Amino acid sequence: MTTYPVFEAIKSSANLDKLVTQYYLVNPTASFQSKLEKAHEILHAVSKQFLIPISHIKVTGSAHLGYSFVKRRQFIEKQSDLDLAIIDIQFYNFFFEKNLEETRQYSRRDKFGYSFIGGQKVYNLDMYKEWLAKGIIHEKYLPTTEYANSFKIFFNELSVNHSDTFKSISACIYSSEHTFKLKQISSIHRWRSSLPKDKK
């Protein structure tokens, strides 16, 4: 069983809101500790591209904690992804309105493809709306529109430029710090429920 400090804390904490604030918003990013120049380079590029403060960009997943509670594995340089969270209501609204406009209020269903979750085929528009209802624009379910495509191209290029450290770099957009924390709490609940009873 993995023994990261956060692992034990998350297993036993009764106050997940406080814990998520401490570990995701206050605690330094594990994969950046010896790579501050690279951290600045990546975050500055995202900040400059989308005109948002660097402080509105957070790291999640194994790159931040050293362990992913969704994928249930530790961070491994060059093999693990860098998952970013852009927490900015202005950019969230801008992106939301761009997607709404460029898909003609989702009437251009051809702009959304399909994905597979657990071997099951799902319609990206359904998944996009499901995440949107949680205050999140999920990068996996974006339409193939001009602005969304430019967003994906930017992160594809960023991934290539930093492939010496991360397998890929991507970002989801959150409407607020609260919706960001709710997403992390939900992931922790799912992980906890998967533990054997004697490990909870």
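So, a few notes on the structure that sits alongside this text. (Residues numbered from 1 in each chain as written. Predicted model: local features only at pLDDT ≥ 70, side-chain atom pairs only at ≥ 80, totals over all residues. Heavy atoms only, no water.)

Turning our attention to the overall build of the chain. A tally of helices and strands in the chain yields 8 helices and 8 strands. Rg of the C-alpha trace for the chain: 17 Å, near the compact-globule value of 16 Å for 200 residues, within the 12% margin. Taking the principal axes of its C-alpha atoms as reference, the chain extends roughly 50 × 40 × 30 Å. Of the contacts made within the chain by residues no fewer than 6 positions apart, 70% connect residues no fewer than 24 positions apart. Within the structure as shown, the chain displays about 10,900 Å² of accessible surface, and the carbon and sulfur contribution to it stands at 50%. (Helix = DSSP H or I, 4+ residues; strand = E, 2+ residues; numbered from the N terminus. Rg over C-alpha atoms; globule rule 2.2 N^0.38 Å. Contact = heavy atoms within 4.5 Å. Areas by Shrake-Rupley, 256 points an atom, 1.4 Å probe, with all protein chains shown as cover.)

The geometry of helix H5 (residues 89-102) relative to helix H7 (residues 146-161) is characterised by a closest axis approach of 8 Å and an angle of 130 degrees between their N-to-C directions. Between H5 and H7, the angle falls in the class oblique. Contact with H5, carried on its side by Phe 91, Phe 94, Phe 95, Lys 98, Asn 99 and Glu 102, involves Glu 146, Tyr 147, Ala 148 and Phe 151 of H7 and no other residues of that element. Split into classes, the residues belonging to the contact of H5 with H7 amount to 6 nonpolar, 1 polar and 3 charged. (Axes fitted to C-alpha atoms, helices over the stretch in contact; angles between N-to-C directions. Parallel < 35°, antiparallel > 145°, perpendicular 65-115°, else oblique. Nonpolar A, V, L, I, M, F, W, Y, C, P; charged D, E, K, R; others polar.)

Another point: the nonpolar core. In this structure, Leu 84 and Phe 155 are the most contacted members of the largest nonpolar core, which totals 59 residues. Sequence-distant contacts of Phe 155, that is, excluding residues within four places in its chain, are made with Val 46, Phe 50, Leu 84, Ile 169, Ser 170 and Ala 171. (Core = buried A, V, L, I, M, F, W, Y, C linked by side-chain atoms within 4.5 Å. Buried < 20%, exposed > 50% of the residue type's maximum accessible area, 1.4 Å probe, protein only.)

Tracing the sequence through the fold places Thr 103 in the loop between H5 and strand S5 (114-117). Taking the relative accessible area as the measure of exposure, Thr 103 reaches 0% and is therefore buried. C-alpha separation for the pair Thr 103 and Thr 144, spaced 41 residues apart in sequence, amounts to 8.9 Å. Once residues lying within four places of it in the same chain are set aside, the contact partners of Thr 103 are Arg 108, Lys 111, Phe 112, Pro 143 and Thr 145. For Thr 103, the side chain forms a polar contact with the main-chain nitrogen of Tyr 106, separated by 3.0 Å. (Polar contact = N/O pair within 3.5 Å; in protein donor to acceptor, adjacent residues only side chain to side chain.)

Two strands pair when backbone bridges link them, and S5 and strand S6 (residues 120-123) are joined in this way by 4 bridges, in the antiparallel orientation. In the sheet register, Ser 115 faces S6, and the bridge partner there is Val 122. Hairpin connection between S5 and S6: a loop of 2 residues separates the two successive antiparallel strands, and Gly 118 in this loop has a positive phi of roughly 60 degrees. (Pairing = 2+ DSSP bridges.)

Take the sheet that holds strand S8 (residues 169-174) next. Two orientations exist for strands paired in a sheet by backbone hydrogen bonds: parallel and antiparallel. Strand order in this open sheet of 4 strands is S1-S4-S8-S7, and the pairing throughout is mixed. Of all the strands in the sheet, just strand S1 (57-60) and strand S7 (136-137) have a single pairing partner and so form its edges. Sheet topology note: the strand S4 (residues 82-87)/S8 ladder contains 6 bridges and is parallel. Pairing of Leu 82 across the sheet is with Ile 169, part of S8. In the packing of helix H8 (residues 177-194) onto the sheet, contacts are made with S1, S4, S7 and S8, and the angle to S8 comes to roughly 120 degrees.

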